[in-house]
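Chain by chain, the residues run as shown.
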Amino acid sequence: MTKTMTGAKMVVQALIDQGVDTVFGYPGGAVLPIYDEIFQQNSIKHVLVRHEQGAVHAAEGYARSTGKPGVALVTSGPGATNAVTGLTDALMDSIPIIVLTGQVPTFMIGSDAFQECDTVGITRPCTKHNWLVKETDKLSAIMHEAFHIATSGRPGPVVIDIPKDVQFATGKYTEARQVETHYNPQVKGDMEMITELAEAMEKAKRPVFYTGGGVINSGPAASQLLRELVAETGFPITSTLMGLGCYPASGENWLGMLGMHGLYEANMAMHDCDLMINIGARFDDRITGRLDAFSPGSTKAHIDIDASSINKVIKVDIPILGDVAHVLEDLLNVWKSRGRKTNKEAVQKWWHQINEWRKIDCLKYTQKGKVIKPQYALSRLQELTKNHDRYICTEVGQHQMWAAQYLDFEDPNRWMTSGGLGTMGYGFPASIGVQMGNPDALVINVAGEASWLMNMQELGTAMQYKLPVKQFILNNERLGMVRQWQELLHGERYSSSWSESLPDFVKLAEAFGAKGILCSDPDDLDDAIMEMLNHDGPVLFDCLVEKHENCFPMIPSGKPHNEMLLGEGADTANAIKSDGAVMV
Amino acid sequence: MSPLKIKKGATSHSAYDLRPTFSDKEERHTLAVLVENEPGVLSRVIGLFAGRGYNIDSLTVAEVDHLGHRSRITIVTTGTPQTIVQIKAQLGRFVDVHKVNDLTVEGPSVERELALFKVHGTGEHRIEAIRLADIFRANVVDSTLESFVFEITGTSEKIDAFAELMQPLGLKEIARTGVAALSRGSVA
Ligand SMILES: Cc1ncc(C[n+]2csc(CCOP(=O)(O)OP(=O)(O)O)c2C)c(N)n1
Ligand SMILES: [Mg+2]
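How each quantity is defined
Residues numbered from 1 in each chain as written. Chains lettered and ligands numbered in written order. Predicted model: local features only at pLDDT ≥ 70, side-chain atom pairs only at ≥ 80, totals over all residues. Heavy atoms only, no water. Near = heavy atom within 4 Å. Polar contact = N/O pair within 3.5 Å; in protein donor to acceptor, adjacent residues only side chain to side chain. Areas by Shrake-Rupley, 256 points an atom, 1.4 Å probe, with all protein chains shown as cover. Contact = heavy atoms within 4.5 Å. Buried area = accessible area lost by both parts, 1.4 Å probe. Salt bridge = Lys/Arg side-chain N within 4 Å of Asp/Glu carboxyl O. Helix = DSSP H or I, 4+ residues; strand = E, 2+ residues; numbered from the N terminus. Nonpolar A, V, L, I, M, F, W, Y, C, P; charged D, E, K, R; others polar. Core = buried A, V, L, I, M, F, W, Y, C linked by side-chain atoms within 4.5 Å. Buried < 20%, exposed > 50% of the residue type's maximum accessible area, 1.4 Å probe, protein only. Phe/Tyr/Trp six-rings, centres within 6.5 Å; stacked < 30°, edge-to-face > 60°. Lys NZ or Arg CZ within 6 Å of the ring centre and 35° of its normal.

Asks: Looking at this structure, I do not really get the site of ligand 1. What am I missing?
Replies: Residues and elements named next belong to chain A. Near ligand 1 lie 17 residues; those nearest to it are Q398, H399, G422, S451 and G480. The side chain of H399 places a nitrogen or oxygen atom 2.9 Å from an oxygen atom of ligand 1. Within the side chain of S451, one N or O atom sits 2.6 Å away from an oxygen atom of ligand 1. Its free accessible area being 590 Å², ligand 1 has 75% of it covered by the protein chains.

Written as structure tokens, this is what we have:
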């Protein structure tokens, strides 16, 4: 029996059928029928954000931390345009989200109606796919297909633009199992290539696993298989910013993060390896540094679900198109059936070399005097929270890189950061999404004072829904990362990189009815962090830190991996040459 | 999440030859892209070329299967072998793209373009224009006492050559369709 219902009801019905429990949104004229339906049901919780950008980042945070797609609902025109940054962020980081936008009625499209914008046109380059639904009969099928497309293959954001008359009109509801789709990306890898990789692993003298966000996106099984593979082979493993948590930081073979602000041993291993096994990473420019000097002597294997990521910037010798979990399962089977061989002697020598690099201790810092070093603040946060099931979000800047360096991630889906787009203002709304998806977990957003202000209005959301998100602001009163680049690149001319006229964060918190904590003395830090953790409710933690601290190690742009700037005492004066200066 | 029914044989997003030869030499390739005939597909394809800085030498599009709701986009592009592989992979990513064929590498193919030429002239020039049109098997589809409109079909090179010859004979305007192409032989 086919059910008939209004378009607005279909939206809610399809969300329920897809197992959605939470929608982040903001109402307006063009989505009123949908809001009316939301009002009349109890299956789906609607979280009223304070800005549409917040809704999309919250949906991203929800998706990354739960492994389920996130959903946002916004109105036409300004509601849709406010969602664009979040969509682009999700596209760059391959996060499955479904964004529903209201649209003016079909008969007014193209007339410059009030709050009309070409939503599908504007969002086409920043979505994996989008639809303008012109008939109510097609709405439910498109809703179901949207979930399929957002979550299969390389995940990503999708937009469904729904004119108001389509929401009011009545049509046939199509169940998900009745919907036909031709979108079915290949998940199994080519066995010949997988065998070739196994052979290369048997012979490798200096192998390294280079893992990325694709492992996390592939699901928990992928992380599990990866751990098994590392244990089986004994090879060292590093990860991109996006992949943190796919292998535990406490694991023996863990080298730490690689890339522009990655660890010395990780970058050196990448540079000197003879076999690089890229699993779900994409040779991003934050990773490769100077392309023609990137790991010059290695054979490169690359496992990726997106054909366009393979051979895009780096020539790959063993390309494997497929889903990480599927490919790793096959790889492990081939590996075992061939007798679990490695070049033990050579790999041992390789580890010896790596351990020499580790002795540099590239993350060392000295906490002395009465000013809190940001590294110290994060080390203490790590120490005092390591026994919690802890979810960390970040904003963008120095604090983000320090968080990646000084916090340890043991499991996937515990680390939410804007990697590809580098969106200041991501972390706070993301933390709200994470807390909605994981009500009992400890959720901390490591923030910079400047980034945090970009979406500070969401403090209202956190209060309204009693979400005990902890906003841990490393306040250096600087756009720290910008200031660092100006120091390195622009003769210390600090053009507009101050945070002037900052609010009193404690009073700001209190104005919203939240708790504010100020800490400026290293001796008070532990107590203050404990106070934050023990408070049942949102906390704004204003941690005043060293203002001119630089984030090291750093591969200056235009430089290869083995020309890293290390911490204290690094010569930063002429670090970046003119050819590197043009790069971001 | 409820799963959908995957259509039989639907693994369109497959691997191309993922081991390209890296070279700096630019090549001209003709790509046939079979797409769902939906609004927005063409915009996505063109946006891809503009956004990622690929060349479009020629682009044609029309519905080819009304019942199956399919259109065929034929794109002629130039780039290094690595770029061409990227273009194909990027096109293959689109949800509405069913198939990407590189006619330049997948065996022999035929390419044709249609063009209309408006040529003004009297006397010797007019006679010479008609004579050359005859040699190129171009048809006269419109005529006044001082002008012709010629219709010509052929490879892009042939049309280029015709244009060059017509230039001094009073060529005023050209309309070209862009390339349509098919692989030779019985295999589709
Ligand atoms: C939306 C946005 N605008 C501008 C930038 C450029 N940017 C990168 S880091 C940064 C400074 C961030 O300052 P803060 O949040 O205080 O972090 P800090 O670097 O001081 O830790 C800026 C402006 C950005 N990444 N995102
Ligand atoms: Mg700052």
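Next, the rest of the story.
Asks: Sorry, what's going on with the interface of chain A and chain B here?
Replies: Size of an interface: often given as the accessible area lost when the parts come together. Contacts between the two partners involve 39 residues from chain A and, on the opposite side, 30 residues from chain B. Taking both partners together, chain A and chain B bury about 3,200 Å²; carbon and sulfur atoms supply 56% of that area. On the chain A side of the contact with chain B, R124, H182 and N184 of chain A bury the most area, a combined 22% of that side's loss. For the interface between chain A and chain B, the tally reads one salt bridge. Between D306 of chain A and R93 of chain B there is a salt bridge, and its shortest N-O distance comes to 2.6 Å. Here chain A is connected to chain B by eight residue pairs in polar contact (both at pLDDT 80 or more). When contributions to the side of chain A that touches chain B are tallied by element, the ones reaching two or more residues are β6 (129–132), α7 (136–151), β9 (180–181), α9 (191–203) and β15 (318–321) of chain A. Among the elements that line the side of chain A that touches chain B, the one with the most residues is α7 of chain A, at six residues. When grouped by side-chain class, the residues that make up the side of chain A that touches chain B number 14 nonpolar, 13 polar and twelve charged.

Asks: What is the right way to look at the nonpolar core in this model?
Replies: One recurring pattern in soluble globular proteins is that nonpolar side chains are buried together. All names here are of chain A. In terms of nonpolar packing, the biggest core is built from 103 residues, with M201, F472 and F541 touching the most fellow members. It is helix α14 (residues 324–337) that contributes the most residues to this core, eight residues altogether. Apart from residues no more than four positions distant in its own chain, F541 is found in contact with Q471, F472, I473, I517, C519, L525, A528, I529 and M532. Judged by nonpolar contacts, the second largest core, of 43 residues, contains V47, V74, V159 and V469.

Asks: Explanation requested: the packing of aromatic side chains in the structure shown.
Replies: The description of an aromatic ring pair uses the distance of the two centres, along with the angle that the planes make with each other. In this structure the tally under the stated criterion is 16 aromatic pairs over all chains. For the pair F472 of chain A and F541 of chain A, a centre-to-centre distance of 4.9 Å together with 45 degrees between the ring planes defines the contact as tilted. Within this pair, whereas F472 of chain A is found in strand β19 (residues 470–475), its partner F541 of chain A is found in strand β21 (residues 539–544), the two being separated by 69 residues in sequence. Of the aromatic side chains, those joined through ring pairs into one cluster are F117, F136, F148, F150 and F162 of chain B. A cation sits over an aromatic face here: R390 of chain A above F409 of chain A, 5.6 Å from the ring centre. The positively charged end of R126 of chain B is found above the aromatic ring belonging to F148 of chain B, 4.1 Å away from the centroid.

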